[in-house]
Amino acid sequence: MAKSHKPVVWFPFAAGGTVIAFFIPVIVFLTFLAALGHVPAGLSYERMHAFAGSGLGKLIIFGVVSLSLWSSAHRLRCTCFDFGLRADTLAATVLYIGAIVGSLLSAVYLLQI
Amino acid sequence: MSRRPLVRECPPTTWYFRQPRYLRYMSREITSIFVGAYCVLLVVALQRLAAGPAAWEAFLLGLRSADSIVFHLLALAAASYHAATWFNATQKAMPVQIGEDFVPGNLISGAHYVAWAVLSVVILYLAGVF
Amino acid sequence: MKERLVQLEVLRYNPDIDTEARFQRYEVVCQEEWVVLDALNKIKADIDPTLNFRWSCHMAVCGSCGMMINGEPKLSCHAFLRAYEGVIRVEPLAHFPIERDLVTAPDDFMEKLKRVKPYIIPKEEKPISEGEYKQTPAQLMKFRQYSMCINCMLCYAACPEYGLEPEFIGPAALTMAHRYNQDSRDGGRKERQEVVATHEGVWTCTFVGACSEVCPAHVDPASALQQMKITSSIDWIVEHLIPGGKS
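Below, the structure is looked at part by part. Quantities reported herein were computed from a predicted structural model and do not represent experimental measurements.

## Quick word on the overall build of chain A
Here's step 1: Helix and strand counts for chain A come out as 4 helices and 0 strands.
Here's step 2: When the elements of chain A are put in sequence order from the N terminus, they spell out α-α-α-α.
Here's step 3: Against the globule reference of 13 Å for 113 residues, chain A gives a C-alpha radius of gyration of 17 Å, more extended than a compact globule.
Here's step 4: For chain A, the C-alpha atoms occupy an extent of roughly 55 × 30 × 20 Å along the three principal directions.
Here's step 5: Among the 113 residues that make up chain A, the fraction classed as buried is 41%.
Here's step 6: Taking contacts inside chain A between residues at least 6 apart in sequence as the whole, the part at least 24 apart equals 69%.

Put into structure tokens, the structure is as follows:
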């Protein structure tokens, strides 16, 4: 069989997995605090708007969200296969398109800020 | 004497119940459901942030429900389990050889945990948690 | 020496008679320090000479006696009876067709092992008159761990992806490719990539890690496969994204 193009989806998966590992737990904790009613000062509209308004902030947010979406999509695709779902092409298409749409929307919203 | 090998099928939907290590693997993989769902929440948050202060405040208020708290606990557990298994795995993917010896794998993974802790503390500080 | 009465539930399959496998219960008096292989040999000697199983060295170096013991891939010479309670279930190595009783057909593994070209493809051909290929201890250490494989196929029995996708080249064979890729005397990595970088090569692997957990020779095939995923990804970028880049 010919050499696979899997690296196209795997490299961003590996990058995203690293991003998720380092960033997502603390971000979840921040919104968790908000869910408990103790909104951290950094999550106020002014602070968040200022952060997302900066070029660096946009890049960081987009990087974290898009790579995390992609990594989750790829892992979920593999998990579907492990759970016995043999329609791998369908799962891959749905999940990767979902990740791409999510990333595009993030970019759109970030550009509006 | 003829060969008539017997093929045993691997059950495609229940194989992971056969060994505890398979269940641990599936637990690791399932974290992607919760992490992915949380990322969708982040996209929604970005939309609310772009829509203005009223929308953002409504978003923060909307987070305060029992369902949201349960979801956050699951997401936190999932993200943490992902992080731990990821850091433990990196030592396998990137062996560091110095001369004839290899840097102990636990040192490589340990360095990741330390970086994670430092980064998290920095982010918590910047977010005004303390 | 203390003795213990051991009960084994052993899978039986006779291709001349049976259409499916069945289990047979044996009760045998064993010495305290025995392994499962000793119990099987006692059964064959004293109780049932028709029981078939492979074994050779009885010291975990030949890789012949791999079996599923209570659902776990193990070398039967390496599975101490004192570690088990109750009836011990003994089955042929998972994910391989059963030839007879506990003997599996390793044909698939043998074929895959050949496909990865598990031999030195010299970087530079030189005649014997020019002397040996020299290697420092550090260069040896780069691949030594991966050379310890005893071809016992426990990793194939443990790997769920091999069970689900039988075309998967599998942990041991792919690790052999990595062993030679890492060898300073070898120049065949590009050739092996034609096999390694395919879907049934490293890309079926999802890093379950079961292979490394069951490996009796501490080869750590999982680490070899992850390292090859990284090099294969870098290859892909060089081949497809860098103008004039050839892997």
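## Things to note about the overall build of chain B
Here's step 1: Helices and strands together make up the secondary structure of chain B, namely 4 helices and 2 strands.
Here's step 2: For chain B, the C-alpha radius of gyration of 22 Å lies well beyond 14 Å, the compact-globule estimate for 130 residues.
Here's step 3: Based on the C-alpha atoms only, the size of chain B along its principal axes is roughly 80 × 45 × 25 Å.
Here's step 4: Buried positions account for 26% of the 130 residues belonging to chain B.
Here's step 5: Contacts in chain B between residues at least 24 apart in sequence constitute 42% of all its contacts with a sequence separation of at least 6.

## Concerning the interface of chain A and chain C
Here's step 1: Contact residues are listed per partner, giving 9 residues for chain A and 12 residues for chain C.
Here's step 2: Looking at the side of chain A that touches chain C, the element that brings in the most residues is helix α1 (residues 7-35) of chain A, giving 3 residues.
Here's step 3: Along the lines of polarity and charge, the residues of the side of chain A that touches chain C split into 6 nonpolar, 1 polar and 2 charged.

## Remarks on the sheet that holds strand β1 (residues 3-12) of chain C
All names here are of chain C.
Here's step 1: The strand order across the open sheet formed by 5 strands is β2-β1-β5-β3-β4, and the pairing between neighbours is mixed. Looking along the sheet, the strands with just one partner apiece sit at the ends: β2 (22-31) and β4 (72-75). On average, adjacent strands in this sheet sit at an angle of 35 degrees to one another, irrespective of strand direction.
Here's step 2: In this sheet, β2 lies alongside β1 in antiparallel orientation, the contact comprising 10 bridges. By the bridge assignment for β2, Leu5 is matched with Val29.

## What to know about the interface of chain B and chain A
Here's step 1: On the chain A side, the residues contacting the 44 residues of chain B number 46 residues.
Here's step 2: Contributions of two or more residues to the side of chain B that touches chain A are made by α1 (20-51), α2 (53-62), α3 (66-93) and α4 (105-126) of chain B.
Here's step 3: Here the element with the most residues in the side of chain B that touches chain A is α1 of chain B; it accounts for 16 residues.

## Observations concerning helix α7 (residues 189-196) of chain C
The periodicity of an α-helix, 3.6 residues per turn, causes residues three or four positions apart to be oriented the same way.
All names here are of chain C.
Here's step 1: What α7 keeps buried is the set Arg189, Arg192, Gln193, Val195 and Val196. Summarising the axial view, the buried residues of α7 lie within an arc of 160 degrees, below the 170-degree limit, and thus occupy one face.
Here's step 2: The inward-facing, buried residues of α7 abut α2 (107-115), α6 (171-181) and α9 (221-241).

## Some words on the nonpolar core
Here's step 1: Of all hydrophobic cores here, the largest spans 116 residues; its most connected members are Ala39, Cys155 and Leu174 of chain C.
Here's step 2: In terms of residues, this core owes the most to one element, α1 of chain A, which gives 12 residues.
Here's step 3: Discounting residues that sit within four places of it in the chain, Ala39 of chain C has contacts with Val6, Leu8, Val28, Cys30, Trp34 and Leu81 of chain C.

Quick notes on the rules
- Residues numbered from 1 in each chain as written.
- Chains lettered and ligands numbered in written order.
- Predicted model: local features only at pLDDT ≥ 70, side-chain atom pairs only at ≥ 80, totals over all residues.
- Helix = DSSP H or I, 4+ residues; strand = E, 2+ residues; numbered from the N terminus.
- Rg over C-alpha atoms; globule rule 2.2 N^0.38 Å.
- Buried ≥ 20, exposed ≤ 12 C-beta atoms within 10 Å, placed from the backbone.
- Contact = placed C-beta atoms within 7 Å.
- Nonpolar A, V, L, I, M, F, W, Y, C, P; charged D, E, K, R; others polar.
- Pairing = 2+ DSSP bridges.
- Axes fitted to C-alpha atoms, helices over the stretch in contact; angles between N-to-C directions.
- Arc of directions from axis to C-beta.
- Core = buried A, V, L, I, M, F, W, Y, C linked by C-beta atoms within 7 Å.

Functional significance is not addressed by these values, which are geometric in nature.
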